[in-house]
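Structure at a glance
The primary structure of each chain is shown beneath.
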Amino acid sequence: MSTKSVRVAITGAAGQIGYAILFRIASGQMFGPDTAVHLNLLELEVALPALEGVKMELDDCAFPLLQSITTTSDANVAFKDVDWALLIGAFPRKAGMERKDLLEKNAGIFTGQGKAINDNAKNTCKVLVVGNPCNTNAYIAKSMAPNIPARNFFAMTMLDQNRAVTQLAQKANAHNTDVSNVTIWGNHSSTQYPDFYNATISGKPVTESISDEEWLKGDFIKTVQQRGAAIIKARGLSSAASAANAAVDTVRNLVTPTPEGKHFSVAVCSDGSYGIPEGLMFGYPVRSNGEEWEIVQGISHNEFAQEKIAATTKELSEERDAVQHLLT
Ligand code: NAD
Ligand code: LMR
């Protein structure tokens, strides 16, 4: 019997990503095989019957690590004493939309939930925002939760990192595990900068394995930036299993020590590193010691990269300005 335990709130638990992630959390893939899990599942009232069905399926897995399941439509109940909050519940975009088009529709969810986290969660609670536009929704939640340190808020850029890794591996006829240190700088949006210049394949610069720099600067970046839209076009629904997988990877990366010389992508509250305005939830290269994380410093950017980073910074600053009136 495990001695460690974690209480995790998951919002939008009856949605697509919810259905893909709950079983992975309950099986121990997020917090490890020695940590018992309590699940606090939040849904809109209208989705509670469906959530009951998901709960029945979780019960039917008889997961050894799963200690309790709470289902509720009350955010104050869902966030009570949680160690982690995974904010997934939000409306997904449809074909032809940019993620920031969701801002008006989804922002209200994150003001309310930020406040409920502030009032109910442990003050050590960590919050990963997946619901789009995730960087700015995380900015909203963080702003509404002054009792929780700003550095405990994260937004997900791991799906973009995983997409970039596979694109590079396939182009280089390498394996995914040969590719390291791809950083997604900035926004989880079509302005993100997937940094191949500072990534490696089998320990060597990507540009040594992939000599076609025009492909890297053009089609590679575009494919990663537009992958979410391509999936919506193909599936008629936005990515779900790969998004759930990326959320598992993000938390796992944050709660386990990062191997020497490696880093991973996650959006965190800017402290001004790399000239990014303080407070923006910006995708950076990050390392963790399993408890605390830090932004990797000293990465150099050429003119091409600087332009890309400036563009994504501009977009995130505009999104921040557009929601400022909500943060009273
Ligand atoms: P979905 O529509 O299948 O599920 C969303 C669920 O959230 C629904 O069950 C809905 O009832 C619930 N919900 C809505 N408002 C809520 C609220 N206030 N409180 C609790 N639950 C609420 O959508 P999905 O495919 O699971 O996607 C969820 C979100 O994740 C979308 O915004 C999507 O764009 C985003 N997403 C982000 C990434 C990323 O990489 N950051 C990747 C994929 C999807
Ligand atoms: C994704 O990247 O797949 C998600 O953010 C969904 C979307 O709207 O693209």
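About the thresholds
Residues numbered from 1 in each chain as written. Chains lettered and ligands numbered in written order. Predicted model: local features only at pLDDT ≥ 70, side-chain atom pairs only at ≥ 80, totals over all residues. Heavy atoms only, no water. Near = heavy atom within 4 Å. Polar contact = N/O pair within 3.5 Å; in protein donor to acceptor, adjacent residues only side chain to side chain. Areas by Shrake-Rupley, 256 points an atom, 1.4 Å probe, with all protein chains shown as cover. Helix = DSSP H or I, 4+ residues; strand = E, 2+ residues; numbered from the N terminus. Pairing = 2+ DSSP bridges. Nonpolar A, V, L, I, M, F, W, Y, C, P; charged D, E, K, R; others polar. Domains from an automatic or database assignment.

**So, the site of ligand 1**
Contacts to ligand 1 come from 25 residues, most closely from Q16, I17, E43, V130 and N132. Take V130: an N or O atom from its main chain is 3.2 Å from a nitrogen atom of ligand 1. A distance of 3.2 Å is found between an oxygen atom of ligand 1 and a side-chain nitrogen or oxygen belonging to H188. Against a free-state accessible area of 860 Å², the protein chains account for coverage of 88% of ligand 1. When contributions to the shell around ligand 1 are tallied by element, the ones reaching two or more residues are α1 (16–26) and α4 (103–120).

**Here's the deal with the sheet that holds strand β7 (residues 179–180)**
Strand order in the open sheet formed by three strands is β7-β10-β11, with antiparallel pairing between adjacent strands. Looking along the sheet, the strands with just one partner apiece sit at the ends: β7 and β11 (204–205). Strand direction decides the pairing type here: strand β10 (residues 200–201) and β11, joined by two bridges, are antiparallel. Across the sheet, the residue bridging to T200 is P205, located in β11.

**Focus: the site of ligand 2**
Around ligand 2, the neighbouring residues are R93, R99, N132, L159, R163, H188, G228, I232, S238 and S239. Measuring from an oxygen atom of ligand 2, one finds a side-chain N or O atom of R93 at 2.5 Å. N132 is positioned such that a nitrogen or oxygen atom in its side chain is 2.8 Å from an oxygen atom of ligand 2. Out of a free accessible area of 260 Å², ligand 2 has 95% covered by protein chains. Where the shell around ligand 2 is concerned, the elements lending two or more residues are α6 (158–171) and α9 (227–235). A breakdown of the residues in the shell around ligand 2 according to their chemical character gives two nonpolar, five polar and three charged. Per-domain counts for the shell around ligand 2 show at least three residues from each of domain 1 (4–155) and domain 2 (157–324).

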